[in-house]
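Coordinate analysis (summary)
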Amino acid sequence: MPERQSSLACQACGARFEVHDDRWCCDCGGYLDLEFEARIDPAVLAGRPWGMWRYREAIPIDFGQEPVSFGEGATPLVPMNWEGRLVYVKLEMLFPTGSFKDRGASVAMTRAVGMGVRRVVEDSSGNAGCAASAYAALAGLDCEIFVPGDASAAKVSQVAAYGARVVRVEGTREDAARAARASVTSGTYYASHVWDPFFLHGTKTMAFEIWEQLGGLVPDMLLVPTGNGSLLLGAYLGFSDLRRQGLARRLPRLVGVQAAECAPLVRRFRDEPHRGAWGPTRADGIAVADPLRWKQILASVWDTGGDIVEVTEQQIDRAQEAAARRGLLIEPTSAAGLAAIEVVSPPGDACVVVPLTGHGLKSLRE
Ligand SMILES: *Cc1c(COP(=O)(O)O)cnc(C)c1O
Ligand SMILES: [Zn+2]
């Protein structure tokens, strides 16, 4: 494969760094993005096995090694009758750890191995920690997951089962994140689903799959549960890659979905102030009070003519139950995407895709 130039770029100050630089943020404190030209060749794809690594020329890793992969991806895209209208659900809960975060973890751990580190850290109250732990186990790397005091017991048990060390940090999710970052020294990879741009070049493979599964078309709209934006931003990257390659004429309207109890992106998108604290929500996977990449999320949604909407706890409960009655067991965070259909009410003939982001087996109540 010919060598392609790519670099890390800070969106805040414009600084550029070499792609193999082991920094996880800019000197100015800004987050980094990848400048990289993805390639997708339908003729090449035709001969490849299913799975997210069939798009490897679109994933910014120059291979000296095999990907850290279970052969994951290629999740089904299934038409479903949802309250009288046709929607396509993408079964992203069917990953080895039960959520789409495996897409990002597979790419991040592949880079970690390529960088020659021995230890990876991540902070997460849930699925991102599970994904990092499982892929670190596969790669044979030591893994530490920093979790806030109130992290879900089921997910912390899952992290521990993979052999990762769970570091409980009293305080908020942000306190856990700060502690994780403070522990990053040379020889450690910060496999953050929030900071690491490589993670987003893993989640973007969902867009390529949807495009292939729809016979080379992009949907009109994608409804994505959104907290830190790792799936929404990935979808934006992936569909943008397809358009740049001339394989899609337009982008789908991206609609970020938040819980009304924690909806900072909705407020920012509508330019409305928010006062006071956010409440608790069952959609804990998207309960992010201060998302790092919020400007990027807003700009991406804006560029597609999309929207950011909120759903109530009641709507989330109803959607979770309705999905289960169709045989799809999903966690509340994931149900937020389905709940948004009645809020957005897309035109009847619109092609709407809803990724079902996380498995319900993780969130069954006693
Ligand atoms: C992480 C997660 C999301 C949201 O991802 P963000 O990166 O926070 O936007 C949605 N659903 C599930 C099940 C998740 O685990
Ligand atoms: Zn900078």
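Quick caveat, the model's predicted, so the values are computed rather than measured. (Residues numbered from 1 in each chain as written. Chains lettered and ligands numbered in written order. Predicted model: local features only at pLDDT ≥ 70, side-chain atom pairs only at ≥ 80, totals over all residues. Heavy atoms only, no water.)

Turning to the domain arrangement of the chain, a few remarks are in order. How big an interface is tends to be reported as the loss of accessible area on association of its parts. Parsing the chain into structural domains produces domain 1 (1-37), domain 2 (77-96 + 200-362) and domain 3 (101-198). Each of domain 2 and domain 3 was reduced to a C-alpha centroid, and the two centroids are 24 Å apart. Taken together, the 20 residues of domain 2 in the interface contact 20 residues of domain 3. Both sides together, the interface formed by domain 2 and domain 3 hides about 1,700 Å², and carbon and sulfur atoms give 46% of it. Counting every contact that joins domain 2 to domain 3 gives three salt bridges. (Domains from an automatic or database assignment. Contact = heavy atoms within 4.5 Å. Buried area = accessible area lost by both parts, 1.4 Å probe. Salt bridge = Lys/Arg side-chain N within 4 Å of Asp/Glu carboxyl O.)

The packing of two helices is summarised by the inter-axis angle and the distance between the axes. At a minimum axis distance of 7 Å, the contact between helix α11 (residues 313-324) and helix α12 (residues 332-344) shows a crossing angle of 100°. Taken together, α11 and α12 sit at an angle that is classed as roughly perpendicular. Contacts between α11 and α12 involve Gln315, Ile316, Arg318, Ala319, Gln320 and Ala323 from the former and Pro332, Ala335, Ala336, Leu338, Ala339, Glu342 and Val343 from the latter. Residues that form the contact of α11 with α12 fall into these classes: nine nonpolar, two polar and two charged. (Axes fitted to C-alpha atoms, helices over the stretch in contact; angles between N-to-C directions. Helix = DSSP H or I, 4+ residues; strand = E, 2+ residues; numbered from the N terminus. Parallel < 35°, antiparallel > 145°, perpendicular 65-115°, else oblique. Nonpolar A, V, L, I, M, F, W, Y, C, P; charged D, E, K, R; others polar.)

Every protein donor of the zinc ion (ligand 2) is accounted for by Cys10 (SG), Cys13 (SG), Cys26 (SG) and Cys28 (SG), and the metal-donor separations fall at 2.3 to 2.4 Å. Here the zinc ion (ligand 2) is ringed by four donor atoms whose angles at the metal span 104 to 116°, and the overall shape comes out tetrahedral. Positions of the donor residues of the zinc ion (ligand 2) along the chain correspond to the pattern C-x2-C-x12-C-x1-C. Within this pair, whereas Cys10 is found in strand β1 (residues 7-10), its partner Cys28 is found in the loop between β2 (16-18) and β3 (32-35), the two being separated by 18 residues in sequence. Judged by its relative accessible area of 4%, Cys10 falls in the buried class. (Donors = N, O, S within 2.8 Å, 3.2 Å for Na, K, Ca; no water. Tetrahedral: all angles 85-135°; square planar, octahedral: opposite > 155°, others 65-115°. Buried < 20%, exposed > 50% of the residue type's maximum accessible area, 1.4 Å probe, protein only.)

Next up on the list: the layout of surface pockets. Volume-wise, the largest pocket comes out at about 1,100 Å³. Of all the secondary structure elements, the ones that give two or more residues to the lining of the largest pocket are α4 (153-161) and α5 (173-182). With four residues, the single largest contributor to the lining of the largest pocket is α5. Here the lining of the largest pocket is composed, by residue class, of 18 nonpolar, eleven polar and eleven charged. (1 Å grid on protein atoms, 1.4 Å probe; cavity = no way out; pocket = protein on both sides within 12 Å on 5 of 7 lines; lining within 4 Å. Points joined across faces, edges and corners; volume = space filled by probe spheres on them.)

Note on helix geometry: an α-helix contains 3.6 residues per turn, so any two residues three or four positions apart are oriented the same way. All of the buried residues along α4 are Lys155, Val156, Gln158 and Val159. Along the axis of α4, the buried residues cluster in a sector spanning 155°; they form a single face. Exposed residues on α4 whose side chains face more than 90 degrees from its buried face are Ala153 and Ala161. On its buried face, α4 sits against α3 (127-139), β7 (142-148) and β8 (165-169). Positive backbone phi, approximately 90°, marks Gly163, located one or two places after α4. (Arc of directions from axis to C-beta.)

Here the focus is the pairing of strand β10 (residues 221-225). Burial analysis of β10 places five of its five residues in the buried class, the great majority of the element. In this structure, β10 lies alongside strand β11 (residues 253-259), joined through five bridges in parallel fashion. Residue pairing in the sheet places Leu222 in a bridge with Leu254 of β11. In this fold, the crossover linking β10 to β11 by way of helix α8 (residues 230-244) has right-handed handedness. The pairing of β10 with strand β13 (residues 352-355) spans two bridges and is classified as parallel. Across the sheet, Leu222 pairs through a bridge with Val353, a residue of β13. (Pairing = 2+ DSSP bridges. Right-handed = clockwise from strand over helix to strand, strands pointing away.)

This model, assessed by the stated rule, comprises two cavities of 30 Å³ or more. Here the largest cavity defines a volume of roughly 270 Å³. Phe100, Lys101, Gly285, Ile286 and Thr333 are, among the 25 residues lining the largest cavity, the residues nearest its centre. Taken together, the elements giving at least two residues each to the lining of the largest cavity come down to α3 and α8.

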